[in-house]
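# A structural walkthrough
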Amino acid sequence: MLRATLRSFFAHKGRLLLSMLAILLSVAFVSGSLIFSDTVSRTFDRLFASTSADVTIAPKEGVGESLPTGVVRTVPASLADRVGAIDGVAGTHVDAAVENITVVDDRNEPVGPTSGAPTIATNWYVTDRSPVKLTNGRAPRGPGEALLDRDTADKAKLGIGDPLTLLAQPGSFRVEIVGIATFRTTNPGAALVFLDTPTAQAKVLGRPGEATSISVDAAEGVSDDTLKRRVAAELGDAYDLKTADEQAESDAAQLGGFLDVIKWVMLGFAGVAVLVGVFLIVNTFSMLIAQRTRELGLLRALGADRRQVRRSVLTEAVLLGLVGSTLGLAAGVGLAAGLIGLMSAFGMNLSAAEMVVGPATPVSAYAVGLGVTFLAAYLPARRAARVSPMAALVDAEVQGVGRPLKVRAVAGSLMAAAGAGALAGCAVSDRTATASLLLGLGVVLTLVATIVAGPLLVRPVIRVLGGAFPKVFGSVGRMSQRNALRNPRRTGATAAALMVGLALVGGLSIASASMTKSFDNQIDKTLGADFVVQNSNFMPFPQEITEKVRAVEGAGTVVRQRFAPLALTLPDGKRVESTASGYDPKLDEAANITYASGTTATALAADSIAMDVAYADEHRVRVGSVLPVEFPGGRKARLTVGALTDMDQTGGPGMEGALFMGLATVEKYLPGGQDAAVFVNAADSGATDDLRTGLEAALDPYPQVQVRDQADYKDLVRQQIAVMLYLVYALLGLAIVIAVLGVVNTLALSVVERTREIGLLRAIGLSRVQLRRMIRLESVVIAVFGALLGLALGVVWGVAVQQVLALEGLTAFAVPWGTVIAVVVGSVVVGLAAAVLPALRASRMNVLAAIAHE
């Protein structure tokens, strides 16, 4: 049996090739994502471990420390001398580092990464742990000199002697590059500008006697933990102390979010590849077994029992999975190398030579490849085991074609009912978490129900889709329609592969169109200002930008917005960390706010706060309620609820979150912050064009900020939503590639299966052109069937997703008809493309050899 199995496997290796490609893609995305994330993690672990001080003294962490407020937390620089006197301390260094400043060259072009990595201005000092070393020029001395890292200098084509302008919180200042520093290990993608310590403290921090942290080096023979205990004994618990290992772990945890995004996106691709590949493998083995009915019957007649036949088919599947997994693992290494190269193009210089292939990677690769193939082949293997020894004497083309679909009908109906119930519950739920859970359950159940019950829909739907074929294409059209109807299970499984991708794109396209329309409505309803000045990445900006805006000729009302992280203790006992916005008193002239209780004046009054009425009702908050509030840095307050808003939304342009208060209150408890946005109205309502020109001219030296009106905001929202759609379309592309492989495989095996029939048709006069047309029409009708199933499912999912979004204030509903039409047209193209090779092969058959085929 083993020899027979191996011979069978190698005899059909060409037919199994496309199934192997599906496994290869699945495994490649799994292994590639793991290799890439392991490589990045290992690289940054080495960087953090080699650059972290033995002990780091930093400000005590508090509420919302990582949120964009523009407030830089500091410690007294004098701590360096105080700690330096502790037994076991070899040396101390003052750190004065600020992220997300803006640096421009003499042409006013930004100098720094465009991939989202920070631009860091810090003070220069040299230790064995320095991430860079001076390779050209000299160290900075005085307020007009700076070092620049080599990667940034090369990218911006800058060198020694070139001028730079730094736009920091205290104000902008010019420096000259006097040296170039090269990274010792990996450049994490950031741009580094080094100043001398007094300049960094005065012009970047704005606090000459302060530091962002103190680095402490341990004397020989003193462990980091021992040194930390001694420092803690001296300083108490007023500061946050971390050893080198703890600091490296903290830095790696911050990087973890970025890595998780990449890993889960790639695993999402792997999941789609696995799901769609299952249909291809099931179809392949089902058809191979149908074609080998006589062969299997002969084996049974020679004494092979059911277990041996089943084991034979599963052995073929394991061999297929083994080869596909091995090739997929190799492809995953290539994919990871490509991602490393792509990240280098974005400024993160990783080395493919340091690629990490951890033990989990091959284990996961083979688990996915072998597991998927084995499970997909199990049902066809059971079917093979039921072949009777008498089948060796029967010239049956396909066994089991006419078996009733009652079990599928019952199972599909039950799952469809359960899925519909879950989606209905999602639509009527008033809690986002519950609705999201029901949505996920409903999507899974309806997807499985459609896959299970798909063959039941084949005959009625394809009779309609192919109803015009006999009239348009004559007997060729009639035969193509009947070929698609011949085996509903096969047609349903082939179409299901395409259905999965199209259901995904249909549902998320409706969700994104609904989100876009909702945001457009909110922008029209909420934004009352003529223009908003805001950082391109929504980070706070220096105060001098606000002053430039005020000074523009034609500027009327100017309203500032500032972020304030806080923790609220609500009347129901719940402690919630959130972010409030602080505004100037003339907020009514910049935003249109509907109040359920109170007014803008009471909302922005001293020590007052406003919130959404639905949120307030949920937590038993009323106007006049006094709420304990904690701000960053441990500052505590008791704020009175001065107003409740009724906006049917959780935010909008300049209205991030349901909480807001007066800017004076924010400044009282969070001093030194930066503005996140400035709302500007024209003094003369008819001079908005002139005002925009003036604003853009005044802000030209500040490339990090942009001037936006309502139309610009709508375009910005569309661009952000488009990023999500690009991912969806990439998933769709992958699903379509595998689905095309499935259609090609089905048609190719179908041609082999119908070799004798094709020979007879050619013998009685069917031309090669007519034969190719028949196969193309069969392919198109299967593809369109899958597309319609996918769109129908996608519309249902899209409606359910919109109901969940409505709980977050996004109440509009929209259907992107252009996408729907494009999907239908694209499915026809997919069908035509998938039929090219099988049709060509069929038309080239020798007529006499085909008739004699068994």
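Here the structure is a predicted model, which means the values were calculated and not measured. (Residues numbered from 1 in each chain as written. Predicted model: local features only at pLDDT ≥ 70, side-chain atom pairs only at ≥ 80, totals over all residues. Heavy atoms only, no water.)

## Let's talk about the overall build of the chain
The number of helices and strands found in the chain is 26 helices and 23 strands. Put simply, the chain has 854 residues, and 52% of those count as buried. Long-range contacts, defined here as pairs at least 24 residues apart, represent 83% of the contacts in the chain between residues at least 6 apart. Here the chain displays about 36,400 Å² of accessible surface, and carbon together with sulfur accounts for 59% of that area. (Helix = DSSP H or I, 4+ residues; strand = E, 2+ residues; numbered from the N terminus. Buried < 20%, exposed > 50% of the residue type's maximum accessible area, 1.4 Å probe, protein only. Contact = heavy atoms within 4.5 Å. Areas by Shrake-Rupley, 256 points an atom, 1.4 Å probe, with all protein chains shown as cover.)

## As for helix H15 (residues 488–526)
The end-to-end C-alpha distance of H15 is 54 Å, a good match for the 57 Å that 39 residues give at a rise of 1.5 Å each. Remark: the principal bend of H15, roughly 30 degrees, maps to Ala 497. Burial within H15 is extensive, with 32 of its 39 residues counted as buried. (Expected span 1.5 Å × (residues − 1). Bend = angle between axes of the 7 residues up to and from the residue.)

## Concerning the packing of aromatic side chains
If you walk through the whole model with that rule in mind, you get 5 aromatic pairs. Taken together, a centroid distance of 6.1 Å and an interplanar angle of 75 degrees make the contact between Tyr 583 and Phe 660 edge-to-face. Here Tyr 583 is found in strand E16 (residues 575–583), whereas its partner Phe 660 is found in strand E21 (residues 660–662), with 77 residues between them in sequence. The exposure class of Tyr 583 is buried, given its relative accessible area of 1%. (Phe/Tyr/Trp six-rings, centres within 6.5 Å; stacked < 30°, edge-to-face > 60°.)

## A few points about the pairing of strand E5 (residues 119–123)
Within E5, 5 of the 5 residues are buried, which leaves the element mostly enclosed by the surrounding structure. With burial as the criterion, each face of E5 is covered, one bearing Thr 119, Ala 121 and Asn 123 and the other bearing Ile 120 and Thr 122. Summarising the sheet, E5 and strand E10 (residues 191–195) pair through 5 bridges and their orientation is parallel. Among the inter-strand pairings, Thr 122 is bridged to a residue of E10, identified as Phe 194. (Pairing = 2+ DSSP bridges.)

## Some thoughts on empty space enclosed by the protein
Going through the model one piece at a time under the given rule, you end up with 6 cavities of 30 Å³ or more. Reported here for the second largest cavity is a volume of approximately 80 Å³. In this structure, the second largest cavity is lined by 13 residues; those nearest its centre are Asn 483, Arg 490, Thr 491, Thr 746 and Glu 778. The set of elements that each furnish at least two residues to the lining of the second largest cavity consists of helix H14 (475–486), H15, helix H21 (710–753) and helix H23 (768–806). Of the residues belonging to the lining of the second largest cavity, the class tally is 3 nonpolar, 6 polar and 4 charged. (1 Å grid on protein atoms, 1.4 Å probe; cavity = no way out; pocket = protein on both sides within 12 Å on 5 of 7 lines; lining within 4 Å. Points joined across faces, edges and corners; volume = space filled by probe spheres on them. Nonpolar A, V, L, I, M, F, W, Y, C, P; charged D, E, K, R; others polar.)

## Concerning the sheet that holds strand E3 (residues 89–95)
Taken in spatial order, the 4 strands line up as E3-E12-E1-E13 in an open sheet, and their pairing is antiparallel. The sheet is open, and its two borders are formed by E3 and strand E13 (239–243), each paired with just one other strand. Taken over all neighbouring pairs, the strand axes of this sheet differ in orientation by 20 degrees on average, direction set aside. Of the strands in this sheet, strand E1 (55–59), E3, strand E12 (213–218) and E13 touch helix H6 (residues 224–235), which is tilted by about 170 degrees from E13. (Axes fitted to C-alpha atoms, helices over the stretch in contact; angles between N-to-C directions.)

## Description of the nonpolar core
Ranked by size, the top nonpolar core spans 65 residues in total, and within it Leu 439, Ile 462, Leu 587, Phe 660 and Phe 679 carry the most contacts. Breaking this core down by element, the ones donating at least two residues are helix H7 (244–291), helix H11 (406–428), helix H12 (432–465), H14, H15, strand E22 (677–682), H21 and H23. It is H23 that contributes the most residues to this core, 14 residues altogether. Core analysis: the next-biggest nonpolar cluster, separate from the first, contains 24 residues, Val 98, Leu 158, Leu 164 and Val 204 among them. (Core = buried A, V, L, I, M, F, W, Y, C linked by side-chain atoms within 4.5 Å.)

## A word on the packing of H12 against H23
Direction vectors running N to C along H12 and H23 enclose 155 degrees, while the axes themselves pass 9 Å from each other. Our classification of the angle between H12 and H23 gives roughly antiparallel. When you trace H12 past H23, the crossing you get is right-handed. Each residue belonging to the contact of H12 with H23 can be placed in one class, and the counts come to 19 nonpolar, 5 polar and no charged. (Parallel < 35°, antiparallel > 145°, perpendicular 65-115°, else oblique. Left-handed = near helix turned anticlockwise from the far one by under 90°.)

## Let's talk about the pattern of salt bridges
Following the criterion strictly, the structure yields 22 salt bridges and no others. Residues Lys 714 and Asp 524 are paired through a salt bridge, measuring 2.8 Å at the closest nitrogen-oxygen approach. Here Lys 714, found in helix H21, pairs with Asp 524, found in helix H15; they are 190 residues apart in sequence, far enough to count as distant. Since its relative accessible area comes to 17%, Lys 714 is described here as buried. Residue Lys 668 is joined to Asp 607 by a salt bridge in which the shortest nitrogen-to-oxygen separation is 3.1 Å. Of this pair, Lys 668 sits in helix H19 (residues 663–669) while Asp 607 is found in the loop between helix H17 (600–603) and strand E18 (608–612), placing the two residues 61 residues apart along the sequence. For Asp 607, a relative accessible area of 23% gives the class partly exposed. (Salt bridge = Lys/Arg side-chain N within 4 Å of Asp/Glu carboxyl O.)

## Quick notes on the packing of H11 against H12
Each packed pair of helices is defined by two parameters, the angle between the axes and the distance between the axes. Closest axis-to-axis distance for the H11/H12 pair is 7 Å, and the angle between their directions is 155 degrees. By the angle between their directions, the pair H11 and H12 is classed as roughly antiparallel. For the pair H11 and H12, the crossing hand works out as left-handed. Its residues assigned to classes, the contact of H11 with H12 comprises 22 nonpolar, 5 polar and 1 charged.

## Let's talk about a nonpolar patch on the surface
On the surface, a nonpolar cluster with roughly 470 Å² of combined accessible area is contributed by Val 318, Phe 374, Leu 375, Tyr 378 and Leu 379. When residues in the nonpolar patch are grouped by element, the largest group, 4 residues, is from helix H10 (residues 360–385). In this fold, Phe 374 is placed in helix H10. For Phe 374, a relative accessible area of 35% puts it in the partly exposed group. (Patch = residues over 30% accessible without salt bridge, like charges linked within 9 Å, V, L, I, M, F, W, Y side chains within 5 Å.)

## A few points about helix H22 (residues 755–763)
Taken together, the buried positions of H22 are Thr 755, Ile 758, Gly 759, Leu 761 and Arg 762. The buried residues of H22 all sit within an arc of 160 degrees when viewed along its axis, so they share a single face. Gly 765 sits one or two residues past H22 and shows a positive phi near 120 degrees. (Arc of directions from axis to C-beta.)

## Quick look at the environment of Gly 624
Tracing the backbone shows Gly 624 in the loop between helix H18 (613–618) and strand E19 (626–630). Looking at Gly 624, the relative accessible area reads 45%, which means it is partly exposed. Along the sequence, Gly 624 and Ser 608 sit 16 residues apart, while their C-alpha atoms lie 9.2 Å from each other. Those residues within four positions of Gly 624 in sequence are excluded, and the remaining contacts are Thr 640 and Val 641.

## Some remarks on the pairing of E18
Counting buried residues along E18, 5 of its 5 residues qualify, which places the element largely inside the surrounding structure. The pairing of E18 with strand E20 (residues 636–645) spans 5 bridges and is classified as parallel. Each residue of the ladder has a partner; that of Ala 610, found in E20, is Ala 643.

## Remarks on unusual backbone geometry
We note that Asn 108 has phi near 65 degrees; this positive angle belongs to a residue other than glycine. Following the sequence through the fold, Asn 108 ends up in the loop between strand E4 (102–104) and E5. Unusually for a residue other than glycine, Arg 620 sits at a positive phi of about 60 degrees. Its place among the elements puts Arg 620 in the loop between H18 and E19.

## Remarks on the confidence of the model for the chain
In this model, the chain carries an average pLDDT of 83, and 89% of its residues clear a pLDDT of 70 or more. Of the regions scoring below 50 in pLDDT, residues 395–402 engages in 16 contacts with residues more than four places distant in sequence or in other chains. (pLDDT = per-residue confidence, 0-100.)

## Quick word on a negative patch on the surface
A contiguous patch of negative charge, built from Glu 553, Asp 684, Asp 689 and Asp 690, is present on the exposed surface. Tracing the chain through its elements places Asp 689 in helix H20 (residues 688–698). (Lys, Arg positive; Asp, Glu negative; His and termini not counted. Charge placed at Lys NZ, Arg CZ, Asp CG, Glu CD.)

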